[in-house]
Amino acid sequence: MDRIISFLIRRQGRKRLTAADAITYLYLVAGTVVMFGPVLWLVMSSFKPQDTLFDFPPSFLPYQQESVQIEGYAEPLPLYDITFADGTTQRLAQVQRVGIEVRMIDPNDPGAEPLRINLREIQNRTEVRSTYFDTRNYTGGIASFPFLTYLGNSVTVTVVATVITLLVNSMAAFGLSKYRYKGRDAIFLVMISTLMVPVSVILIPAFLVITQVGWNNNLWGVIVPAAATPTGVFLLRQYMLTIPDELLESARIDGASEWRIYWQIVLPLAGPALAVLTIFSVMWRWNDFLWPLIVLSRTELFTLQVGLNAFQGALNVQWHYILAMTVLTLLPITVVFALLQRYITTGIATTGMK
Amino acid sequence: MSTLDLVFAPLQRVLGVQRMGYFFVLPNLLIFGIFILFPMLLNFYYGFTAGDSILPENRQFVGMENLQTLFACGNFLDPNTCVQDRFWRAASNTFTFVVGQVGLMVVLALITALALNRQIAGRGFFRSVFFYPVLISPVVVALIWKWLLQEQGVLNGLIVLLGGERVPFLTDANWARFWVIFISVWAQMGFYTLILLAGLQAIPKDLYEAASMDGAGGWRSFRSVTLPLLMPTMLVVLVLSLIRAVQVFDQVYVLTTGGPGTATLYMVQYIFQTAFDRHNFGLAAAASLVLAVVLLILTLGQLRLGRASEIA
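Residues numbered from 1 in each chain as written. Chains lettered and ligands numbered in written order. Predicted model: local features only at pLDDT ≥ 70, side-chain atom pairs only at ≥ 80, totals over all residues.

**Here we look at the packing of helix H5 (residues 184-193) of chain A against helix H2 (residues 20-47) of chain B**
Following both chains from N to C, one finds H5 of chain A and H2 of chain B inclined at 35°, their axes separated by 11 Å at the closest point. In this structure, H5 of chain A crosses over H2 of chain B, and the sense of that crossing is left-handed. Of H2 of chain B, the residues touching H5 of chain A (which contributes Arg184, Ile187, Val190 and Met191 of chain A) are Gly21, Val25, Leu29, Phe32 and Leu37 of chain B. Here the contact of H5 of chain A with H2 of chain B is composed, by residue class, of seven nonpolar, one polar and one charged. (Axes fitted to C-alpha atoms, helices over the stretch in contact; angles between N-to-C directions. Helix = DSSP H or I, 4+ residues; strand = E, 2+ residues; numbered from the N terminus. Left-handed = near helix turned anticlockwise from the far one by under 90°. Contact = placed C-beta atoms within 7 Å. Nonpolar A, V, L, I, M, F, W, Y, C, P; charged D, E, K, R; others polar.)

Written as C-alpha cells, this is what we have:
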C-alpha cells in the first residue's frame, strides 16, 4: 500500500508531493465532478424507467426491481426483502397486495401456501433492485419525437454549410492574400470590421432578406447566411500569407492556371488552417439555435436544437424522452471531441477564437 | 479539374493574373454583402421607421421616435418609470449578468489554467474534462441543468438527504439569476482556460529560475513574473468574454425563457421577442442599434488591446 501511494505521489525529480500539489489535485478533482458530473447524471437518468425518474432518494445507477418466475403464476413476481418483527429477514416474492395486507411466496419453496403478511406488523419491506439500463426512453423517444428527421436536417445543415464555408472562405482568403488589385484592402477591412457583428444585432433585416430570397422555412436560409464568416476568411488569410509567393510564381512559369494554383498548391498547403476552420464550422452549425429558430417554423424542417427546444417547451414535459433525446444530440459532438481533441484544443489555443 | 480549367482559363485571359483576385473574392463577398453587410445597413432604416410590416416600403419614417421611446424614462435607475420598462429591465439584467459572469469566469479560468500549468499527472485528462462543456450546444447545456435543478431534481434530492428544504432554484428570481450565471460559466470556462494556459506556457521558464535565484517564493514570482506577463492574454480573455456575455441568449431562453417574471430577461431576448412575438420591428431594430453600439465599443477596445499585445 505504501508503495502504491508513493508511486501515485511521485513527481519528476522524485520529490514528494507538496501541499501545493495536493491543493491542485483537490481543485482539479472537485472541478471534474462539477464539469463532468452533470453530463454523467444526464446519461444515467436517460436509462432510468419513467416511473423511477423522480425517486427519492435519487439513485445514481438506473435500476429495476428484480422479479422471479414462479410456477403456477402467469406473470413474473416482484421480489422484496421483508424484515419481520423479530428482526429476521427473508426474501419473498409478492403475489398480491390488498390494502395493508400482502400475500407473499418464498421463491425457494414455490409449492407452499402463500404467506399472509400484515404490513403494520413487520419492520421493513424493501424492493430488491438490480442495476438495469432501460433503453425504452430511447426507442420510445425516437418513435414519439421526429428525432431522425431533425438529425437529418442538422447533418444536412452542418455538412453543406461547412463545405460552402471552406470553399468560399478559402477562395476569398486566397484572393485577399496572393493578388494585388484595386480595392483589395478596402474589401478586407470591411469584412474584418464586421468580425464581431453577431446575428443577434441584425435579426430583423437578415430575416427580411431571407424572406425576399424565398428561403423562409428552407434549410438554405439557415445554411447560406453564416457561410461567409469573416472569422474564417481572417484565419485562412493569415495562414496563406505564410505560403511563399515564389511557389506560386514557379507554378505560373510551368503554365498552371490561377484556379489550378489555388486548388492544387495553396489549398493542400493550407491544410492545418482548413482543419481548424472545419472543426469550428461544424461546432457552430451543429449548435446553432437563434437563427434556425427564426428561419424555420415548419416542424419537419427543425434542426435538432430547435426541435429539442420545442419538445421541452411542450405543455406536458416528457422528461424521460427529453433526457434520451438530449443524450443522442450530445453524442455526435462528444465522439468528434474524443477523436479530435488534440486538434481542437491546440487549434483554439493557437487561434484564440470560437 | 480540366473541365473547370475550360471555364476559368478564358476568364483569366480577360482579367489578367492579378485581377483574378476579384474572381476568388467574389462568392464570399456576395454572400457577405447580401446577408451581413446589407442587413447591417438596413437595420438603421428599421430603427428609424415604424409600422407592423416587415416590408421596407410599407413603413413610415419616424426619425428618432423609436430611440426616444426606448429612452423615455422618468428615472433611469428605475425601470418602472420607463415607457419600455422591459427594455430597461433587460438592460439592467444584462449588465448584472455581464459583471457577474465575466468576473466569476475570468477568476475561475485563471485558477484552472494555473492548476493545469503545474507538473502533475493526468494533465491531459483534466484539460479535456474542463474543456468538454465548451462543445456542448447551449440547448443541451440548458436541458442538462434544467434536469438537475428541478424541484424534484438531484440537487434538491441531495439537499433533502442532508436535512435541508427543497429550493425553488429556477422559479425564485435571485436563484434563477445565479444559476444562469453559473451555468454559462460552466459552459464557457474551458475555452478561456485554454487561451490562458497557452499564455502561461509562453512565459519563458528561465524567468522563474531567475526569480527563484533572487530569492522569490511562489507567491512573489506569481505576482512579479506570471501576472504581468499574462496581462495581455488576460485582457484578450476579458474583452472576448465581455462581447459574448452581452449577447447571452440561447441557454437562458431554454432554461427560464427570461423568467420568473423578467428576472432573467436579457437584451437579445428582448429584441427577439419585440420583433418576432410583438412585431414591433422598429423598436426591436432601435434596441439592436443600442446593442450594436455597446458591442462596437467593446470590439474597438479589443482591437486596441490586440495591437498592444502579441497574442491576439
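**Side note on the pairing of strand E5 (residues 101-105) of chain A**
Successive residues of a regular strand alternate their side chains across the two faces of the sheet. Residue and element names in this part refer to chain A. Where strand E4 (residues 89-98) and E5 come together, five bridges link them in antiparallel fashion. For Gln94, the partnering residue across the bridge sits in E5 and is Met104. Hairpin connection, E4 to E5: the antiparallel pair is bridged by two residues, and Gly99 has positive phi, about 60°. By the bridge criterion, four bridges tie E5 to strand E6 (residues 115-118) in an arrangement that is antiparallel. Across the sheet, Met104 pairs through a bridge with Leu115, a residue of E6. (Pairing = 2+ DSSP bridges.)

**Let's talk about the confidence of the model for chain B**
Per-residue pLDDT for chain B averages 87, and the proportion of residues at 70 or more is 96%. Interface scoring of the predicted complex returns ipTM 0.86; its pTM is 0.86. (pLDDT = per-residue confidence, 0-100.)

**Structural notes on the domain arrangement of chain A**
Each domain of chain A was delimited in the assignment, giving domain 1 (2-46), domain 2 (63-131) and domain 3 (138-351). Every contact between the two is made by four residues of domain 1 of chain A and, on the other side, four residues of domain 3 of chain A. (Domains from an automatic or database assignment.)

**Structural notes on the interface of chain B and chain A**
In many analyses, interface size is given as the accessible surface area lost on bringing the parts together. In this assembly, 84 residues from chain B lie in contact with 81 residues from chain A. In terms of residue class, the side of chain B that touches chain A is built from 65 nonpolar, 14 polar and five charged.

**A short note on unusual backbone geometry**
Residues and elements named next belong to chain B. The phi angle at Thr257 is positive, at roughly 50°, despite the residue not being glycine. Of note, Thr257 is situated in the loop between helix H11 (250-255) and helix H12 (267-276). Residue class for Thr257 comes out partly exposed when judged on the 14 C-beta atoms lying within 10 Å of it. The residue His279 is not glycine, and still its phi comes out positive at about 55°. Along the chain, His279 turns up in the loop between H12 and helix H13 (281-308). (Buried ≥ 20, exposed ≤ 12 C-beta atoms within 10 Å, placed from the backbone.)

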